[in-house]
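Structural overview for review
Residue-level listing of the chains:
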Amino acid sequence: MTTSSSERGVSLGMPELPAPAYPDDVRTRLETDAREIIARYPDSRSALLPLLHLVQAEEGHVTRTGMRFCADVLGLTTAEVTAVATFYTMYRRRPSGDYQVGVCTNTLCAVMGGDAIFEELQEHLGVGNGETTGDGKVTLEHIECNAACDFAPVVMVNWEFFDNQTPASAKSLVDDLRAGRPVTPTRGARMCTFKETARVLAGFPDEREGAVESGGSAGPASLVGLKLAKGEASSARVVHPRGEAARTGAPHEPSPTEHLSSHDAPQDTSASDPAHPAGPTAEEGE
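The notes below deal with the structure included here.

Our focus in this paragraph is the state of the cysteines. Applying the stated criterion across every chain yields a total of 0 disulfides. Of all cysteine sulfurs, the one in Cys104 lies closest to Cys109, which takes part in no disulfide; the gap is 3.7 Å. Here Cys109 falls in the buried class, since its relative accessible area comes to 5%.

Tracing the backbone shows Asn158 in the loop between strand S4 (155–157) and strand S5 (160–162). Engagement of the side chain of Asn158 in a polar contact is seen with the backbone oxygen of Cys192, the distance being 2.8 Å. Dropping the residues within four chain positions of it, Asn158 is found in contact with Asp98, Tyr99, Gln100, Met191, Cys192, Thr193, Phe194 and Thr197.

Should the charged atoms of two oppositely charged side chains come close, the side chains can pair. If you walk through the whole model with that rule in mind, you get 13 salt bridges. For Glu31, the salt bridge identified is with Arg27, shortest N-O distance 2.9 Å. With Glu31 and Arg27 both in helix H1 (residues 24–38) and 4 residues apart, the pair spans about one turn of that helix. Between Arg29 and Glu58 there is a salt bridge, with its nearest N and O atoms 2.9 Å apart. One end of the pair, Arg29, is in helix H1; the other, Glu58, is in helix H2 (residues 48–59), and 29 residues separate them in sequence. Glu58 sits in the partly exposed class, given a relative accessible area of 23%.

Look at the link from Ala152 to Pro153: it is a cis peptide, with omega at -5 degrees. With respect to the helices and strands, Pro153 occurs in the loop between strand S3 (138–143) and S4. Phi is positive for Asn158, which is not a glycine, with a value near 50 degrees. Judged by its relative accessible area of 1%, Asn158 is buried. A positive phi is found at Trp159, a non-glycine position, where the angle reads about 70 degrees. Inspection of the secondary structure puts Trp159 in the loop between S4 and S5.

Reading the values: the criteria
- Residues numbered from 1 in each chain as written.
- Predicted model: local features only at pLDDT ≥ 70, side-chain atom pairs only at ≥ 80, totals over all residues.
- Heavy atoms only, no water.
- Disulfide = S-S within 2.5 Å.
- Buried < 20%, exposed > 50% of the residue type's maximum accessible area, 1.4 Å probe, protein only.
- Helix = DSSP H or I, 4+ residues; strand = E, 2+ residues; numbered from the N terminus.
- Polar contact = N/O pair within 3.5 Å; in protein donor to acceptor, adjacent residues only side chain to side chain.
- Contact = heavy atoms within 4.5 Å.
- Salt bridge = Lys/Arg side-chain N within 4 Å of Asp/Glu carboxyl O.

Remember, this is a structural readout, not a statement about activity or role.
Spelled out as structure tokens, the structure:
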């Protein structure tokens, strides 16, 4: 039995027509914003990423019309714009909800409960990965590392953090979003819609009252490396080597040059022990 090209989703008909242009009033408004964005860069091509956020703020996703607009104002081909828009996952290629709910299912979040959260949200909302609820409020997706492992499992809504989640708290979160109740991230200002988020990412001021002052921060565990780099004392401890009995006495406060690891013992290197530089200690074959 053979399968026709139409059944396989392959079109052999006329090529796709050029994307329609924005209405004149919309294009005029977007051109004003685009000029402000482009002026920030010595090379106009560098403005493509924020311009894609700008057109995403207009329709909630990056449409063919939006990509045509970016190409026109930057003097690029639509193929060049499409290559960028399809590379980054922050740019949506199809209509989606007011709230992008992403559940981290990377290793640490997964074992801490991220997989369970994602499964229960799918059942609770009646949608699969990348799908949107019937009311257009929530798009659910599983995503890769959110760089917030010290608060695992983490859920993000429109790129804002909701830390230390459970299936129950995550379901309560999406219920509040769909009902229009005020929702405030663990770190940051109260929620805004995905379109509003996209405009901020395009580089325009967040005009919500108190939004800037409510900006979030990384957690203590995430900041250890930064403190060490600055020469600041850290409250973290060097964990005793594997197989060695736990040290007794007061907790050891490491110096900025000490190796911090929860798995391995500190090791001498050529940098830390000049008397024993790195390199083979015997001739090859001995």
